[in-house]
Amino acid sequence: MNNKISYLLNTVRCMHRCNSVLTPKSSATRQHILWIGRYRFPLENVNFGKLFLNICPSLHGSSLRFLSQKTDVFSTGAKIQPEKSTEALVSEQAPQSSLELEKLDDSGSFEVKHVVDHSEQFFNSLQKCTCPCDVLDLASESAVSVKHFTNCLTTVWRLFKNLSEDQQRYEKQLIFEHPAFVKLCQQLLLHSRRMTRGDLVFTLHAVVNLGVPQNTRLVQTLVRVCQEKLNQFDNRCISVLATTLAGLDKDKNVSALQAGLQLLVEQRIPSIRDIFILQNLMKCMGKDAPVFLKKKLEMAVLKELDHLTFPNALRVFLALVAMNYCSIPILNACSKKIQENVHDVPFRQLILILEACYNLQYRNVKLFSALADYFNSTACLWDKRQIILCLSAFETLGFQPRELMGIFAEKVTEDPEFLNLKNLLIVLRVYSRLNYVPKGQKHLFFETLHSCLNKYLPQISNTELLKAVYALCILGYLPHRALDELLQKVRSGLTLSYDVYKEQNEMMLHCVKTCMELDSPSFMKPAVGLTENFSLLVSLNLRKAREALVELLGDENMFQENVQLPYKYHIDFEIRMDSDRKKVLPIAATDDHADSSVQRLAFLFVPLSAFCMGTTHPQGKLAMKKRHLNKLGYHVILVPNKKFQEMTNEGAVEFLKSKIYSQNAFPFSEVTLQDDN
């Protein structure tokens, strides 16, 4: 008897639900009570604004009403869930899934197919929706279960993310103004604890990415429920949750969830074999993750490198940046995949890769060369501003893409009108730091840049003017009109913005004044007596060079250390030779000789960062110093100090001997060292 009553109640409940959904509704018939799972809620009586958010008629202002951060959205569950009626309590004992079959056979059981038929019809209709508003219309007419509501929201997000940026702005306004969106969010809020783990994390992901503010009750409730169910999540759910949390600001609930997720990830890492999931976890753990956890994630990725695909290589590259962890083996493997598929990488991704290498201090000349070659071969496809962005990214790395810089220099001389002040300053910075002057059109290129700079003189700031003049002076070109403007401002009391960079500004101003003297056509090579003072002290990293010179020349009097010169220049070692460069002369014996009878060699031991990456081509400041030392009467020999320190003692002596007595180390023109790479 009890079984028959239970069957009867279940049948009445299902028929009532199906009838209320499938029957055409008028304004009068919409006052019914909609049954959802365990509870029933009179939809017409819910105050949505008070419950969790309020959708305004326009998105020009704040489209959502925020809850105070001090509000405890979980303190009064009774405010969210109405008291259960007798019917609701009875329905709790019945099967809860709207997709379950309740059968009635010949022995007295019922078979009701309306729920299944309706669900199939609903999901078929959902798949046919082409825009988010279609989904919301369908939700308002047919959604009756938690599964329906969650699928509606995730479909809204799926359709929304495939739109262009302009379409998204317009569609977002329509979504938030749609009356069904409030009701949909209400149902998600009320039934958040009844969602499956997959529906829960995907719902939170969709809500956050659609732009529902983080401090609304809906988002906070979903975050809190994720905390409660965290131990039930599988690896896929953890991955989706990690991706979502990476886009949320830190607050009390989010921080608690991240802390719990970190503990769970630490336990689960050995069982995760999917690189996609691992890179999501790396992004979520972020820079604040403990080092031991970063190492565990690194080891997990290293185990799966054999299965690394090209799309995953891009994601892992960026995930390491998010975690601020430079793993050379992983980066090398990712770089190889990127080089093999460089033509399939979108432009924005290429820039992100270069920026990632800079942030991680990762130097891979083969990768940079492959990207530069790709840009060279496709330069005609890129907008000039895109090329500027690319050159700027290479400049931060200290890598010189010669061919691309030559191509862009031609574009500048042919059509300089596209250069606004911002782009002009970037171009000047890039070409001066990387020390590139286009062959065959040096004068035309400089004149074009100077002309563009003159055009912006009335509106340029003092700091920008100093940077522009400094860049041209580094390249050996004196922009007279801009120089006059700068000197006039200096005489009238130059004020520079960004006081924190006062030292840098003073250095640039000193270089400009030095270039005005030494690079002027009227400058004459000085006579003997250049040295102001010198010290016998030598830095520890030059001790090996000193010992090699003593062994090679036989006496400390045959060279001079740490020579200080005018214009604040100094050289590490000075050696003097006869005019035929056959013999090294003692320093004291040549002080009174005429300069024409003595050849002066200046050895500069410089770090690798002073050269363009992968070459011994000097960057801007070093090239300027070498040019000025030539003007002061020195033959300059540049030595990469790191490579010199790696030589054996015998090798160091032979290296210096080859540079001192080599006929190819002269004349005053550019001194090019052999690249040891």
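This text goes with the structure placed above it.
Counting restarts for each chain, with residues numbered from 1 along the sequence as it is written. In view of the model being predicted, local features appear only for residues whose pLDDT reaches at least 70, and side-chain atom pairs are presented and counted only at 80 or more, with totals across whole chains, interfaces and linings using the full set of residues. Derived side-chain values reflect all non-hydrogen atoms in the structure, with water molecules and hydrogen atoms excluded from consideration.

1. Let's talk about the pairing of strand E8 (residues 634-640)
Residues in a regular strand point their side chains to alternate faces of the sheet. Extensive coverage of E8 is indicated by the burial of seven of its seven residues. Accessible area is worked out with a 1.4 Å probe on protein chains only. A residue is then buried under 20% of its type maximum, exposed over 50%, and partly exposed in between. Comment: elements are numbered from the N terminus, with helices defined as DSSP H or I runs of at least four residues and strands as E runs of at least two. Burial along E8 is two-sided: Tyr634, Val636, Leu638 and Pro640 and His635, Ile637 and Val639, pointing in opposite directions, are all buried. Only strands joined by at least two bridges in the DSSP assignment are considered to pair. Where strand E7 (residues 598-606) and E8 come together, seven bridges link them in parallel fashion. Bridging across to E8, Arg600 finds its partner in Tyr634.

2. Observations concerning the packing of aromatic side chains
Two rings from Phe, Tyr or Trp (for Trp, the six-membered ring) form a pair when their centres sit within 6.5 Å of each other. Planes less than 30 degrees apart are called stacked, planes more than 60 degrees apart edge-to-face, and all others tilted. Going through the model one piece at a time under the given rule, you end up with 22 aromatic pairs. Seen from their ring centres, Phe603 and Phe605 are 6.5 Å apart, and the 25 degrees between their planes marks the pair as stacked. When its relative accessible area of 9% is taken as the criterion, Phe605 is described as buried. The structure contains a cluster of three or more aromatic residues connected by ring pairs, namely Phe347, Phe368, Tyr374, Phe375, Trp382, Phe394 and Phe399. Whether a charge sits over a ring comes down to the Lys NZ or Arg CZ being within 6 Å of the ring centre and within 35 degrees of the ring normal. The ring of Phe418 is capped by Lys384, whose NZ or CZ atom sits 5.3 Å from the centre of that ring.

3. Some points on the pattern of salt bridges
The rule for a salt bridge is simple: a side-chain nitrogen of Lys or Arg has to be within 4 Å of a carboxyl oxygen of Asp or Glu. Scanning the entire structure with this criterion turns up 16 salt bridges. In this structure, Glu266 and Lys296 form a salt bridge, with 3.8 Å as the shortest nitrogen-oxygen distance. Here the residue Glu266 occupies a position in helix H13 (residues 252-268), and Lys296 occupies one in helix H15 (residues 291-303), the gap between them amounting to 30 residues. For Glu266, a relative accessible area of 26% puts it in the partly exposed group.

4. Remarks on the environment of Leu425
Here Leu425 lies in helix H22 (residues 421-433). Once the C-alpha coordinates of Leu425 and Ala468 are considered, the two residues, 43 residues apart in sequence, prove to be 6.2 Å apart. Ignoring any residue separated from it by four or fewer positions in sequence, one finds Leu425 in contact with Glu464 and Ala468. Only heavy atoms enter the contact rule, under which two residues are in contact if any of them lie within 4.5 Å.

5. With respect to the environment of Leu638
Counting through the fold element by element, Leu638 comes out in strand E8. We classify Leu638 as buried; its relative accessible area is 2%. With 20 residues separating them along the chain, Leu638 and Pro618 place their C-alpha atoms 8.7 Å apart.

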